[in-house]
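# Close look at the chain arrangement
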Amino acid sequence: MIIKPKVRGFICINAHPQGCAANVHEQIAYVKAQGTVAGGPRNVLVLGCSTGYGLSSRIAAAFGSGASTLGVCFEKPPTDAKTASAGYYNTAAFHEEAEAAGLFCQTINGDAFSSQCKEQVIEALKAGMGKVDLIVYSLAAPRRTDPATGETYSSVLKPIGQAYTAKNLNTDTHKIAPVTVEPASAEEIAATVKVMGGEDWELWIAALKQEGLLAEGCKTVAYTYLGDKLTWPIYGHATIGKAKEDLDRAAAAIAQSLAGLKGDARVAVLKAVVTQASSAIPVMPLYLSILFKVMKEQGSHEGCMEQIQRLFTECLYSSAPRLDAVGRLRVDERELDPAVQQRVEVLWEQVDESNLFELTDFAGYNAEFLKLFGFGVSGINYDAETSPLVEYDF
Ligand code: NAD
């Protein structure tokens, strides 16, 4: 088939196998060029390993430290008539390159929130990699079924307390119009914490510990975003922010449970980037388009791979990690630089449909968005007949 992007609102419903493979290759090349991470991990479990920050974490561990990796993701395989999801192709490409480099890797495609998936991972670790010394928690999911009760919770992206009205960019029509998001109910806030809070992270660590699968000195990290004034009403001080606060609680509890192993649990604060998860958040596409413009002008623009490389070298495996007052690892300092935020705020006030491409890097945002699905990647012939099937099956 000829595979061209099929964008529906903030999501692209297909993906290009060779484009996705080229993206993975690019990230691997970047990590290799940075050299070996001193004291890096050996055996790594990545929950949410197939796209965004989780994929970059897996690449950093494997190609920056020579680590064996076990990944968990929730991705759609291809059929003769339909492409796979991008994360499926990314994972197939990762396997191909890791195996060619002699790096052990294994992936479980299933619902990480379920007890069944945890059992599968435990079995796989016992049969293969053994004890893990780094567990990366990088899930971004719209819903979660609590394994204890069977109840399913859905997360919402809503403000707390009062409605929030802000400029919003329709990425399809390029129209900018105010959007009003009504405040979340108490039930919606609690459900979002159930899905994106720390409970499942704690369940994972407890299950691995119980099976003796945590190495002495093991580390675990879960990812969060804090942002600044412009995004607080819809992120930091909103339902998702409440869920992320729960990660801080979980990190402290997990760290305590790892004390006997001399282990550590941390929340890492990462910058805003284009991923399938972030493009669904109202306000984010416009914020990111402006942020890209400002940070590219400053020479401080970063994507997932650059952020995770710095997380490994400047925080996780550094003798002087950058910590904030509550003990979180910080790699978002360039985004939160007051000069950057002030410039973003000025442009935010000025931007409208007539100057969108001039005042913002919407073109860059859009290219990054399509690239997530393997489109617009140089060197790929998008007019060529392409099979959606990939050799590797996991
Ligand atoms: P993403 O959508 O690119 O990746 C999500 C990953 O989770 C994928 O690998 C997907 O397969 C997996 N997944 C989803 N549901 C699953 C399930 N039920 N079982 C197993 N795997 C499942 O998201 P992302 O933006 O990379 O987000 C990862 C983490 O980073 C999140 O905690 C997010 O809040 C955080 N973060 C994101 C940003 C950003 O700007 N994107 C910034 C800071 C922090």
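Quick look at the structure, then. (Residues numbered from 1 in each chain as written. Predicted model: local features only at pLDDT ≥ 70, side-chain atom pairs only at ≥ 80, totals over all residues. Heavy atoms only, no water.)

### Remarks on the environment of Asn-14
Counting through the fold element by element, Asn-14 comes out in the loop between strand 2 (11-12) and helix 1 (17-34). Assessed through its relative accessible area of 8%, Asn-14 is described here as buried. Those residues in contact with Asn-14 that sit more than four places away from it in its chain are Ile-3, Lys-4, Pro-5, Lys-6, Thr-83, Phe-373 and Phe-375. Polar contacts involving the side chain of Asn-14 include one to the main-chain amide nitrogen of Lys-6, which spans 3.0 Å. (Helix = DSSP H or I, 4+ residues; strand = E, 2+ residues; numbered from the N terminus. Buried < 20%, exposed > 50% of the residue type's maximum accessible area, 1.4 Å probe, protein only. Contact = heavy atoms within 4.5 Å. Polar contact = N/O pair within 3.5 Å; in protein donor to acceptor, adjacent residues only side chain to side chain.)

### Side note on the pattern of salt bridges
The tally for this structure, following the rule as stated, stands at 26 salt bridges. Salt-bridge contacts for Lys-194 lead to Asp-146; the nearest nitrogen and oxygen are separated by 2.6 Å. Residue Lys-194 is located in helix 5 (residues 186-196), and its partner Asp-146 is located in the loop between strand 7 (143-145) and strand 8 (152-154); the two are separated by 48 residues in the primary sequence. For Asp-146, a relative accessible area of 7% translates into the label buried. Residue Glu-188 pairs with Lys-158 through a salt bridge whose shortest N-O separation is 2.9 Å. Placement of Glu-188 in helix 5 and of Lys-158 in the loop between strand 8 and strand 9 (164-169) is noted, with a sequence separation of 30 residues between them. Looking at Lys-158, the relative accessible area reads 23%, which means it is partly exposed. Residues participating in the shared-partner salt-bridge network are Glu-302, Arg-310, Glu-314, Arg-322, Glu-333 and Arg-334. (Salt bridge = Lys/Arg side-chain N within 4 Å of Asp/Glu carboxyl O.)

### Observations regarding the pairing of strand 10 (residues 176-181)
Where a strand is regular, its side chains alternate between the two sheet faces. Where strand 9 and strand 10 come together, six bridges link them in antiparallel fashion. Paired with Leu-169 across the bridge in strand 10 is Ile-176. Here strand 9 folds back onto strand 10 in antiparallel fashion, the turn holding six residues, of which His-174 has a positive phi close to 65°. (Pairing = 2+ DSSP bridges.)

### Thoughts on helix 5
In an α-helix there are 3.6 residues to a turn, and that puts residues three or four apart on one side. All of the buried residues along helix 5 are Ile-189, Ala-191, Thr-192, Lys-194, Val-195 and Met-196. Looking at the buried positions of helix 5, the neighbouring elements they touch are strand 7, strand 8, helix 6 (199-210) and helix 7 (239-257).

### Considering helix 8 (residues 284-298)
Given a rise of 1.5 Å per residue, 15 residues ought to cover 21 Å, and the 20 Å separating the end C-alpha atoms of helix 8 matches this to within 8%. Taking burial as the measure, the 15 residues of helix 8 include eleven buried ones, the bulk of the element. On its buried face, helix 8 is in contact with strand 9, strand 10, helix 10 (338-350), helix 11 (356-359) and helix 12 (362-371). The positive-phi residue at the C-terminal boundary of helix 8 is Gly-299, with phi of around 80°. (Expected span 1.5 Å × (residues − 1).)

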